[in-house]
Amino acid sequence: MNRDVRRLLRDQRTNALAAWAVVAVVAAVVVTSFLSGDLLWAGFAAGLVALAVLPPVLLRHRNAMLPWEVLLLAALPVVGRMFATVQMTGNLAKYLSVAAVALIVAVELHVFTPVRMTPRFAAAFVVVTTMATAGIWAVVRWGADLLLGTTFLLDPALSGHAIEEALMWEFVASTAAGVGAGLVFAVYVSRQVGLNRVPEDVRVQQ
């Protein structure tokens, strides 16, 4: 990326436009997943959109968006899952998506609230948040299976032991993805990347 492009993306308005473009892509995933009958994934992607637009909605400032590269990192696995042709690829996208939610929450707390995290605490926070999100995601799928008769988690073709083992491996994979996202956020915190692209009137000063 040349110097002129980097300078352009540091501009607050340009960053907001790029961030809104990423949100629009994820919103398209919501619609596509809903129309294809993948309601659970549509709900997950919708939750990602809601998190992304939370700052500008609450602060009533359309430029109060997270740095575009943070949203892009979160959007890539969500979009990639739509084109996954192998089960392993789809699962990887799912784990990375869970970690992406934790990353967005952590960055929003760091940028738009008085909370300030050291790099080590930031990494640990994202890992723990990822594990918590993975747990919530498992409960949501379990609830859908009980109430809607789906087989997201409770597959009749699998034994109870097989389901438990698969779920534990999901938690392991989600934790590994969380470690990766935690390291990304630790670098973000240590370099304070993107803070100059958030309008000063909505950014909480340290």
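(A) Local environment of the overall build of the protein chain. When helices and strands are counted, the protein chain shows 7 helices and 0 strands. Starting at the N terminus and walking to the C terminus, you meet the elements of the protein chain as α-α-α-α-α-α-α. Burial status across the protein chain gives 43% buried among its 206 residues. Split by element, the accessible area of the protein chain, about 11300 Å² in all, is 68% carbon and sulfur.

(B) The packing of helix 3 (residues 39–59) against helix 6 (residues 119–148), seen in detail. Two elements in contact, helix 3 and helix 6, have axes whose closest approach is 11 Å; the angle formed by their N-to-C orientations is 145 degrees. Handedness of the crossing formed by helix 3 with helix 6: right-handed. Residues Leu40, Trp41 and Phe44 of helix 3 form the contact with helix 6, whose own contacting residues are Trp137, Val140 and Arg141. For the contact of helix 3 with helix 6, the per-class residue count stands at 5 nonpolar, no polar and 1 charged.

(C) Just the pattern of salt bridges, in detail. A full pass over the atoms with the stated rule returns 1 salt bridge. Close ionic contact of Glu170 with Arg141 constitutes a salt bridge, the shortest N to O distance being 2.6 Å. Here Glu170, found in helix 7 (residues 160–191), pairs with Arg141, found in helix 6; they are 29 residues apart in sequence, far enough to count as distant. For the residue pair Glu170 and Arg141, the accessibility class agrees, reading buried in each case.

(D) Focus on the nonpolar core. Judged by nonpolar contacts, the single largest core of 46 residues is most densely connected at Leu71, Val107 and Phe185. Those elements that place two or more of their residues in this core are helix 2 (12–35), helix 3, helix 4 (68–82), helix 5 (87–112), helix 6 and helix 7. Ranked by residue count, the leading element in this core is helix 5, at 12 residues. Beyond its immediate sequence surroundings of up to four residues, Val107 is in contact with Leu66, Val70, Phe185 and Tyr188.

(E) Up close: unusual backbone geometry. Within the chain, Arg60 stands out as a residue other than glycine whose phi angle is a positive 55 degrees. Here Arg60 lies in the loop between helix 3 and helix 4.

(F) Structural detail: a nonpolar patch on the surface. Where nonpolar side chains cluster on the molecular surface, the patch consists of Val139, Trp142, Leu146, Leu147, Leu148 and Leu154 and spans about 670 Å² of accessible area. Among the structural elements, Leu154 can be located in the loop between helix 6 and helix 7. Accessibility expressed as a relative area gives 33% for Leu154, which makes it partly exposed.

(G) Up close: the packing of aromatic side chains. With the rule as written, the count across this model stands at 3 aromatic pairs. Members of the aromatic cluster, joined through ring pairs, are Trp41, Phe44 and Trp137.

(H) The arrangement of the environment of Glu108 in detail. Within the element layout of this structure, Glu108 appears in helix 5. For Glu108 and Met65, which are 43 residues apart along the polypeptide, the C-alpha to C-alpha distance reads 9.2 Å. Once you skip the residues sitting within four places of it in the chain, Glu108 turns out to touch Leu51, Ala52, Leu54, Pro55, Leu66 and Thr113.

(I) Summary view of the packing of helix 3 against helix 4. Closest axis-to-axis distance for the helix 3/helix 4 pair is 11 Å, and the angle between their directions is 165 degrees. Between helix 3 and helix 4, the angle falls in the class roughly antiparallel. As for the relative orientation of helix 3 and helix 4, their crossing is left-handed in sense. In contact with Trp41, Ala45, Leu48 and Ala52 of helix 3, helix 4 contributes Leu71, Ala74, Pro77, Val78 and Arg81. A breakdown of the residues in the contact of helix 3 with helix 4 according to their chemical character gives 8 nonpolar, no polar and 1 charged.

(J) Local environment of helix 3. When the terminal C-alpha atoms of helix 3 are compared, their 30 Å separation across 21 residues agrees well with the 30 Å that a helix rising 1.5 Å per residue should span. Within helix 3, the axis deviates most sharply at Val53, by approximately 45 degrees, and proline Pro55 lies no more than four positions further along. Looking only at helix 3, the buried set comprises Leu40, Trp41, Ala42, Phe44, Ala45, Leu48, Val49, Leu51, Ala52, Val53, Pro55 and Pro56.

How each quantity is defined
- Residues numbered from 1 in each chain as written.
- Predicted model: local features only at pLDDT ≥ 70, side-chain atom pairs only at ≥ 80, totals over all residues.
- Heavy atoms only, no water.
- Helix = DSSP H or I, 4+ residues; strand = E, 2+ residues; numbered from the N terminus.
- Buried < 20%, exposed > 50% of the residue type's maximum accessible area, 1.4 Å probe, protein only.
- Areas by Shrake-Rupley, 256 points an atom, 1.4 Å probe, with all protein chains shown as cover.
- Axes fitted to C-alpha atoms, helices over the stretch in contact; angles between N-to-C directions.
- Left-handed = near helix turned anticlockwise from the far one by under 90°.
- Contact = heavy atoms within 4.5 Å.
- Nonpolar A, V, L, I, M, F, W, Y, C, P; charged D, E, K, R; others polar.
- Salt bridge = Lys/Arg side-chain N within 4 Å of Asp/Glu carboxyl O.
- Core = buried A, V, L, I, M, F, W, Y, C linked by side-chain atoms within 4.5 Å.
- Patch = residues over 30% accessible without salt bridge, like charges linked within 9 Å, V, L, I, M, F, W, Y side chains within 5 Å.
- Phe/Tyr/Trp six-rings, centres within 6.5 Å; stacked < 30°, edge-to-face > 60°.
- Parallel < 35°, antiparallel > 145°, perpendicular 65-115°, else oblique.
- Expected span 1.5 Å × (residues − 1).
- Bend = angle between axes of the 7 residues up to and from the residue.

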